[in-house]
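Geometric and topological summary
Letter by letter, the chains look like this.
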Amino acid sequence: MTFTDTTRERAREIIARYPADRSRSALLPLLHLVQAEEGYVSPAGVAFCAEVLGLNKAQVGAVATFYTMYKRKPTGDFLVSVCTNTMCNVLGGQEVYDTLSEHLGVGHDETTADGTITLEHAECLAACDYGPVMTVNYDFFDGVDASTAVGVVDELRAGGRPMPTRGARLCTLKEMAVQLAGFADERDGAVADGGPGEPTLRGLRLAQQHGVSVPGFDPNTPIRSKAEADKAAAEAKAKAEAAKPAPVEATTAPVKGGDGASAPTGVAEPVKPEAAAGSTAPDVKAPDDKSPQVRTAETRQPDASTAVPDAPGTKVPTDGTGTAPAAGDARSAEAAGVAANAPAGDGKPAGDEAGAQERNLTEAKAGTDADGAGPADASETGAQK
């Protein structure tokens, strides 16, 4: 399919919203854009997104098949979704879905013969306090039952546009896809209708009734521009830097003269940390040039020829006589352990022996065990084994 010039122009506008080295982030709105023209994401739509973003089709297809809002086959003008999850189901959501399925003659993710309605059962539509709920192109119809749901779909098939319980007036799925791609609804007065429902307003009214509010909250506070926000962040950072304490100077001690007295010149030298703490341990160079794996292995089992006995966190093991093991003992022990523990095979856990399992099954079946137990005891023993 060759996409229209309008779609290509909008695609360039979407891509321009993102940094040049992050253009692949535009994939989600681009998929909505191609769905707005075709009514679903076709192979041609996948190829188009891959072309304009410099991706391969497998990368685009992986995203398009992950999200349920991207349809992979032609969809009706109105997508009717009925919530059948726990809360709505308890309140009658499954009955609503079953009634619509029988009335329309379609099942889940199927479209009526006239191409008007696609029916689907949805998991959670995030409106449990309005259940049972259904949506038409993602606009809510709250507290529905089988009768009201049938009335909504019949009006849609007759060319009408029933008003959602909450939200703006209905539009087609293609028109909704344009909005999901990031473009405004251009219909006159399209967003002038609708309003919040009573359960949504309940919390606000309780807060007003009991005088609950956020300290210092001003609903008329203007939203700062990016430049203003960056300036405020820079000022806060500068203030934090200025509040930091001055660096502590190195501890010094007077230099003694040859007679043991302090040098009269007042020249001082830094005091080493271990001297300040009264430690007599020799300096040991930290093994920063070694990988964490090598360092861990040497800590667990260092070779006597290279280990430093006083290294922090390191202790050279002995054989009980005070003699350190020879170099390479750790590797030999590891090889011996691997040889003694054969890898699992045929779906059996490591260490299991097929012979022992077969013997236990044979004993249980024969009604006796190796100790000569009676049938009852053998049955219990075999079950335990």
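Keep in mind that what you see is a predicted model, and the values were worked out from it rather than measured. (Residues numbered from 1 in each chain as written. Predicted model: local features only at pLDDT ≥ 70, side-chain atom pairs only at ≥ 80, totals over all residues. Heavy atoms only, no water.)

Taking burial as the measure, the 6 residues of strand β1 (residues 78-83) include 6 buried ones, the bulk of the element. Here β1 shows no split at all, with F78, V80 and V82 on one side and L79, S81 and C83 on the other all buried. Two elements, β1 and strand β4 (residues 134-136), share 3 bridges in a ladder whose sense is antiparallel. Each bridged residue has a counterpart across the sheet, and for V80 the counterpart in β4 is V136. (Buried < 20%, exposed > 50% of the residue type's maximum accessible area, 1.4 Å probe, protein only. Helix = DSSP H or I, 4+ residues; strand = E, 2+ residues; numbered from the N terminus. Pairing = 2+ DSSP bridges.)

Another aspect to go through is a nonpolar patch on the surface. Together, L28, F66 and Y67 line one region of the surface with nonpolar side chains, adding up to about 330 Å² of accessible area. Here L28 lies in helix α2 (residues 27-38). (Patch = residues over 30% accessible without salt bridge, like charges linked within 9 Å, V, L, I, M, F, W, Y side chains within 5 Å. Areas by Shrake-Rupley, 256 points an atom, 1.4 Å probe, with all protein chains shown as cover. Salt bridge = Lys/Arg side-chain N within 4 Å of Asp/Glu carboxyl O.)

This part takes up the pattern of salt bridges. The tally for this structure, following the rule as stated, stands at 8 salt bridges. As a salt-bridge pair, R10 and E186 come within 3.8 Å of each other at their nearest N and O atoms. Placement of the pair is R10 in helix α1 (residues 5-15) and E186 in the loop between α8 (173-180) and α9 (198-210), with a sequence separation of 176 residues. One salt bridge in this structure joins D114 and R157, with 3.5 Å as the shortest N-O distance.

Our focus in this paragraph is the packing of α2 against α8. Interaxial distance between α2 and α8 falls to 8 Å at its minimum, and their mutual angle equals 160°. On the basis of the axis angle, α2 is roughly antiparallel to α8. As α2 runs across α8, the sense of the crossing is left-handed. In contact with H32, Q35, A36, E37 and E38 of α2, α8 contributes K174, A177, V178 and L180. Considered class by class, the residues forming the contact of α2 with α8 number 4 nonpolar, 2 polar and 3 charged. (Axes fitted to C-alpha atoms, helices over the stretch in contact; angles between N-to-C directions. Parallel < 35°, antiparallel > 145°, perpendicular 65-115°, else oblique. Left-handed = near helix turned anticlockwise from the far one by under 90°. Contact = heavy atoms within 4.5 Å. Nonpolar A, V, L, I, M, F, W, Y, C, P; charged D, E, K, R; others polar.)

This brings us to the pairing of strand β3 (residues 117-122). A large share of β3 lies buried, amounting to 5 of its 6 residues. One ladder, built from 6 bridges, connects β1 with β3; its direction is parallel. Paired with V80 across the bridge in β3 is L119. Pairing of strand β2 (residues 110-111) with β3 involves 2 bridges; the strand directions are antiparallel. In the sheet register, E110 faces β3, and the bridge partner there is L119. Turn length for the β2-β3 hairpin, with the two strands adjacent in sequence and antiparallel, is 5 residues, and the turn residue G115 shows positive phi of about 70°.

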